[in-house]
Amino acid sequence: MSKKIICEQCGNPMTYFQEAHTCGWICPVCGDGVATSYFEPILTDIVDYHVILVSADKSLTSIKTISKIANCNFIEAKKMIENVPVEVFCGKAVDVKEIKDKLESVCIEIRIKPEFPY
Amino acid sequence: MGSGSKGLYSGTFGSKATPGSTDYMDSGDSFSKFIKRRKDIDTNGFYDIIAHGSPTTIQIQHNGVTIDIDHRTAAKLFLRDKNYHGGAIRLLSCSTGKLDSGFAQNLANKLNIPVQAPTDLLWAKPNGRHYVTGGKYVNGQLVEDHSKKGSMKTFYPQRRKNE
């Protein structure tokens, strides 16, 4: 069910608007309203997400990918694969999304904590 | 305090100038139009920066293109702003003060000045009144969430741990 926002000034229902990175509500009758910034929720998500490596083969592609993400050398990356589950990255949603896509593209299984909604 | 202007990087002309502030938004932006009508200009000597913001970045107009910048680029930009003569800055940019070590704190450290910023979304009314409060999406539409009260928080420059 949609929520009606009522104008504080005249009591009429307000209209939602979104233009580029501004959104808000405006009263079509009296012109009162309110505006704020609009960003994709992922850009304003301040939760630190933990990327846990669950399983990966020991191919060079996997080792290289994990090495880059965990910012470690190939030997350490290989050890991570052998010692799963292990955390390979912790950061904000935007970065985690990029990493998630990268790992999944090379069939590396991961788990993200807390639940990753993107 | 000198007259305000559009930002150095802004490609938009015709925006109403506001004393003691620089506006990095598009002149047709509703938030920009509303916030420029605010009465509390130069509060306690804070220079106002108007831009869309997030906890870690602000957004500016550059040659008609919208770009996101971090505190380092923002610091360089502000220092090149002819209307800004140093001193404390107030960010009229949503959520830039949401994190303890987010955009506002990093900018304060970088410029070595106090920076005031909203801890959540900044909402502006057509009469210029503005306030900080949370937001939530209802059916894809952002509405005010008064259970998450915010405020304008001042961040002071902090020394690095190894200094």
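Because the structure is predicted, anything quoted here is derived from the model rather than measured.

On to the overall build of chain A, then. Counting its secondary structure elements, chain A contains four helices and six strands. Ordered by position in the sequence, the α and β elements of chain A form the string β-β-β-α-β-α-α-β-α-β. Here the C-alpha atoms of chain A give a radius of gyration of 22 Å, more than 25% beyond the 13 Å that 2.2 N^0.38 yields for 118 residues. Its C-alpha atoms give chain A principal-axis dimensions of about 70 × 25 × 20 Å. Of the contacts made within chain A by residues no fewer than 6 positions apart, 47% connect residues no fewer than 24 positions apart. Here chain A displays about 6,800 Å² of accessible surface, and carbon together with sulfur accounts for 53% of that area. Computed over 13 positive and 16 negative side-chain charges, the inter-centroid distance for chain A is 7 Å.

Domain assignment breaks chain A into domain 1 (1–38) and domain 2 (47–113). Just the C-alpha atoms count here: the centres of domain 1 of chain A and domain 2 of chain A sit 44 Å apart.

As a further point, take the sheet that holds strand S6 (residues 109–113) of chain A. By definition, the strands of a sheet pair up through backbone hydrogen bonds, in either a parallel or an antiparallel sense. All names here are of chain A. Strand order across the open sheet formed by three strands is S5-S4-S6, with antiparallel pairing between neighbours. Two strands close off the open sheet at either side, each with one partner strand: strand S5 (86–91) and S6. On average, each strand axis in the sheet is tilted by 25 degrees relative to the strand beside it, whichever way the strands run. Here strand S4 (residues 49–55) runs beside S5; their pairing, made up of five bridges, is antiparallel. Across the sheet, the residue bridging to leucine 53 is valine 86, located in S5.

So, about unusual backbone geometry. Cis geometry marks the peptide bond from valine 84 of chain A to proline 85 of chain A; its omega dihedral reads 0 degrees. Tracing the backbone through its elements, the reader meets proline 85 of chain A in the loop between helix H3 (74–82) and S5. Note the cis peptide between lysine 113 of chain A and proline 114 of chain A, where omega equals -10 degrees. If you check the backbone angles, serine 95 of chain B has positive phi at about 60 degrees while not being a glycine. Relative to the assigned elements, serine 95 of chain B resides in the loop between strand S7 (89–92) and helix H3 (103–111). Despite not being glycine, asparagine 139 of chain B shows a phi value in the positive range, around 50 degrees. In this structure, asparagine 139 of chain B sits in the loop between strand S10 (130–138) and strand S11 (141–149).

Let's shift gears to the packing of aromatic side chains. Considering all chains together, one arrives at six aromatic pairs over all chains under this definition. On the basis of an interplanar angle of 85 degrees and a centroid distance of 4.9 Å, the ring pair of tyrosine 49 of chain A and phenylalanine 116 of chain A is categorised as edge-to-face. Of the two residues, tyrosine 49 of chain A is situated in strand S4 and phenylalanine 116 of chain A in the segment after S6; the sequence distance between them amounts to 67 residues. With respect to class, tyrosine 49 of chain A is no different from phenylalanine 116 of chain A; both count as buried. Centroid distance tyrosine 47 of chain B to tyrosine 84 of chain B: 5.3 Å. Interplanar angle 55 degrees. Geometry classified as tilted.

It is worth spelling out the sheet that holds strand S4 (residues 52–53) of chain B at this point. All names here are of chain B. Read from one edge of the open sheet, three strands run S4-S5-S6, paired in antiparallel fashion. Of all strands in the sheet, those with a lone pairing partner are S4 and strand S6 (65–69), marking the two edges. Bridging between strand S5 (residues 58–62) and S6 involves five bridges; their strand directions are antiparallel. Along S6, the bridge assignment pairs isoleucine 60 with isoleucine 67. The sheet strands contacting helix H2 (residues 71–79) are S5 and S6, and the helix crosses S6 at an angle near 115 degrees.

For the rest of this paragraph, the subject is the interface of chain B and chain A. On the chain A side, the residues contacting the 30 residues of chain B number 27 residues. Buried area between chain B and chain A, both sides added, is near 2,200 Å², and the carbon and sulfur share of it is 59%. When the area that chain B buries against chain A is broken down by residue, the three leading residues are Tyr137, Gln141 and Leu142 of chain B, summing to 19%. Linking chain B with chain A are two salt bridges, by the criterion used here. Among the salt bridges present, the one from aspartate 32 of chain A reaches lysine 125 of chain B, with a minimum N-O distance of 3.3 Å. Between chain B and chain A we count 13 residue pairs in polar contact (both at pLDDT 80 or more) in total. Those elements that place two or more of their residues in the side of chain B that touches chain A are helix H1 (30–35), S4, S6, strand S9 (122–124), S10 and S11 of chain B. Per element, the largest residue contribution to the side of chain B that touches chain A is four residues, and it comes from S11 of chain B. For the side of chain B that touches chain A, the class distribution of residues is 15 nonpolar, ten polar and five charged.

About the criteria used
Note that residues are indexed from 1 along each chain, following the sequence as it is written. Lettering of chains starts at A and numbering of ligands starts at 1, both following the order in which they are written. Totals for whole chains, interfaces and linings use every residue, but because this is a predicted model, local features are given only for residues with pLDDT of at least 70 and side-chain atom pairs only at 80 or more, for both listing and counting. Water and hydrogen atoms were dropped before computing side-chain values, which therefore reflect all heavy atoms in the structure. In DSSP terms, a helix is any run of H or I states spanning at least four residues, a strand is any run of E spanning at least two, and both are numbered starting from the N terminus. We compute the radius of gyration from the C-alpha atoms alone; for a globule the expected value is 2.2 Å times N to the 0.38, where N is the number of residues. When checking whether two residues touch, look at their non-hydrogen atoms; a contact exists if any pair is within 4.5 Å. Surface accessibility in these figures is a Shrake-Rupley result with a 1.4 Å probe; residues are shielded only by whichever protein chains are displayed. Working convention for charge: Lys and Arg count positive, Asp and Glu count negative, and His plus the chain ends are omitted. Charge coordinates come from a single atom per side chain, which is NZ of Lys, CZ of Arg, CG of Asp or CD of Glu. Just so you know, the domain bounds were taken from an automatic or database domain assignment. Pairs of strands are assigned from DSSP output, requiring at least two bridges between the strands. Each axis is a line fitted through C-alpha atoms, taken for helices only over the stretch in contact, and angles between the N-to-C directions span 0 to 180 degrees. Here is the rule: rings of Phe, Tyr and Trp (six-membered ring for Trp) pair when centre to centre is within 6.5 Å. Planes less than 30 degrees apart are stacked, more than 60 are edge-to-face, and the remainder are tilted. Residue exposure (1.4 Å probe, protein chains only): buried if accessible area is under 20% of the type maximum, exposed if over 50%, otherwise partly exposed. Accessible area that two parts lose when put together, evaluated with a 1.4 Å probe and summed over both, is termed the buried area. The rule for a salt bridge is simple: a side-chain nitrogen of Lys or Arg has to be within 4 Å of a carboxyl oxygen of Asp or Glu. Two N or O atoms count as a polar contact when they lie within 3.5 Å, although within protein this holds only if one can serve as hydrogen donor and the other as acceptor, and sequence-adjacent residues are included solely when both atoms are side-chain atoms. Only Asp, Glu, Lys and Arg are considered charged, only Ala, Val, Leu, Ile, Met, Phe, Trp, Tyr, Cys and Pro nonpolar, and every remaining residue, Gly among them, polar.

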